[in-house]
Amino acid sequence: MTEPQQNKDEASKPLIKKCTYCQEMKPLTDFQRRTGRRAGPYSRRGPCRSCRGLAPQERAATSAPSGEETNPSAAPVTQHSLEANTAAHSLQASLPMEAQRPRRKPVTDKARERHRQRVRHLLSRLKPADTRALRLNRNGMIRLRGKTDQGRRWHQEIELDLAMTLVRERMAVIVNPYTVRRLYSNKEFRQYVLKRDRYTCFFCGGYGDTIDHLLPRAKGGHTTPVNCVCACNECNQVKAARDVDEFIESGVPQPSPDDFEAPDNPDASEGPLRT
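Residues numbered from 1 in each chain as written. Predicted model: local features only at pLDDT ≥ 70, side-chain atom pairs only at ≥ 80, totals over all residues. Heavy atoms only, no water.

### Brief notes about the sheet that holds strand β8 (residues 179-182)
In a beta sheet, neighbouring strands are held together by backbone hydrogen bonds and run either parallel or antiparallel to one another.
Working step 1: Sheet architecture is open: 4 strands sit in the order β6-β5-β8-β7, paired in mixed fashion. Across the chains shown, the open sheet's two edge strands, defined by having one partner strand only, are β6 (153-158) and β7 (172-176). In this sheet, adjacent strand axes meet at a mean angle of 30° when their direction is disregarded.
Working step 2: Where strand β5 (residues 142-147) and β8 come together, 3 bridges link them in parallel fashion. Bridge assignment links R145 to a residue of β8, and that residue is R181.
Working step 3: Sitting on the sheet, helix α6 (residues 160-168) touches β5, β6, β7 and β8, and the angle it makes with β6 is about 125°. (Pairing = 2+ DSSP bridges. Helix = DSSP H or I, 4+ residues; strand = E, 2+ residues; numbered from the N terminus. Axes fitted to C-alpha atoms, helices over the stretch in contact; angles between N-to-C directions. Contact = heavy atoms within 4.5 Å.)

Below, the structure is given as structure tokens:
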């Protein structure tokens, strides 16, 4: 059963697929979609999302664990094991979010301030880059290029002030005097900020899964690593276009008891900042 996603008659069961690296049966949503005209609605890539980000050595260790050699002539997955995996994934998907995530501990004012100091320290390590090498092209603009979440390249022309801000705040790098390149796609930037801040809201200290601007975009702020922090949905909505100090002094909403902890092992995201 190499391509179970082609079986469209399995409407009552979640479609699953075997990862080419870890050799595990996983739901179809754990695999990226294939792009192109011939890609159908159930066409997915071979490796799962967790294995795509691993280095070749880590992939080999995942596919062949220590003390167990890979046997190419191993028997195929039986129908019984396939149904067991399908039932396990469907049970996990049917569980509410409260049962899938552990309860969070009460957040104190001291813990919030400690987290804010940690984030400010990380932001201070992003020292401004030198922008004196930038030069205007014949159109009086600077060329900005980057990639979409799907890997497609794009480019546009921006003003010199915006290009200098992106380079200074570590959102772009200088390719040549007339061109700058954006370091992150939208999805990569979101994951970078959330992991950097350990999925912890900068304002209330609860679980956060959104990004907020310290200097609001309405007041001239930009989407850069220096100006963006992790925030929960409630703080993001309540803060709106207010400044950080004004919002904190006015009273930050307290996290509800139904909030959850950030992903396990938050220290794993701690490391050298990508600049």
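### Focus: the nonpolar core
Working step 1: Counting 17 residues, the largest nonpolar core has I158, L166, V180, Y184 and F189 as the members making the most contacts within it.
Working step 2: Looking at this core, the elements with two or more residues in it are β5, α6 and α7 (186-196).
Working step 3: If sequence neighbours within four positions are ignored, L166 has contacts with L144, I158, M171, A172 and T224.
Working step 4: By size, the runner-up hydrophobic cluster in this structure holds 14 residues, among which are F202, F203, L214 and V252. (Core = buried A, V, L, I, M, F, W, Y, C linked by side-chain atoms within 4.5 Å. Buried < 20%, exposed > 50% of the residue type's maximum accessible area, 1.4 Å probe, protein only.)

### Considerations on the state of the cysteines
Working step 1: Counted by the stated rule, this structure contains 0 disulfides.
Working step 2: Not engaged in a disulfide, the cysteine C51 finds its nearest cysteine sulfur in C48; these two sulfurs lie 3.4 Å apart.
Working step 3: For C51, a relative accessible area of 3% translates into the label buried.
Working step 4: We note that C232 lacks a disulfide partner, and the nearest cysteine sulfur, in C235, lies 3.4 Å from it.
Working step 5: Given the relative accessible area of 9%, C232 is considered buried. (Disulfide = S-S within 2.5 Å.)

### Remarks on the pattern of salt bridges
Working step 1: Across all of its chains, the model carries 6 salt bridges by this definition.
Working step 2: Of the charged contacts, one joins R116 and E113 as a salt bridge, the two residues approaching to 3.7 Å between their closest N and O atoms. Here the residue R116 and the residue E113 both occupy positions in helix α5 (residues 109-124), the gap between them amounting to 3 residues, near one helical turn.
Working step 3: On the basis of relative accessibility, which here comes to 33%, the residue E113 falls in the partly exposed class.
Working step 4: Note that D130 is salt-bridged to R132, the shortest N-O span being 3.0 Å.
Working step 5: On the basis of relative accessibility, which here comes to 46%, the residue D130 falls in the partly exposed class.
Working step 6: A relative accessible area of 67% places R132 in the exposed class. (Salt bridge = Lys/Arg side-chain N within 4 Å of Asp/Glu carboxyl O.)

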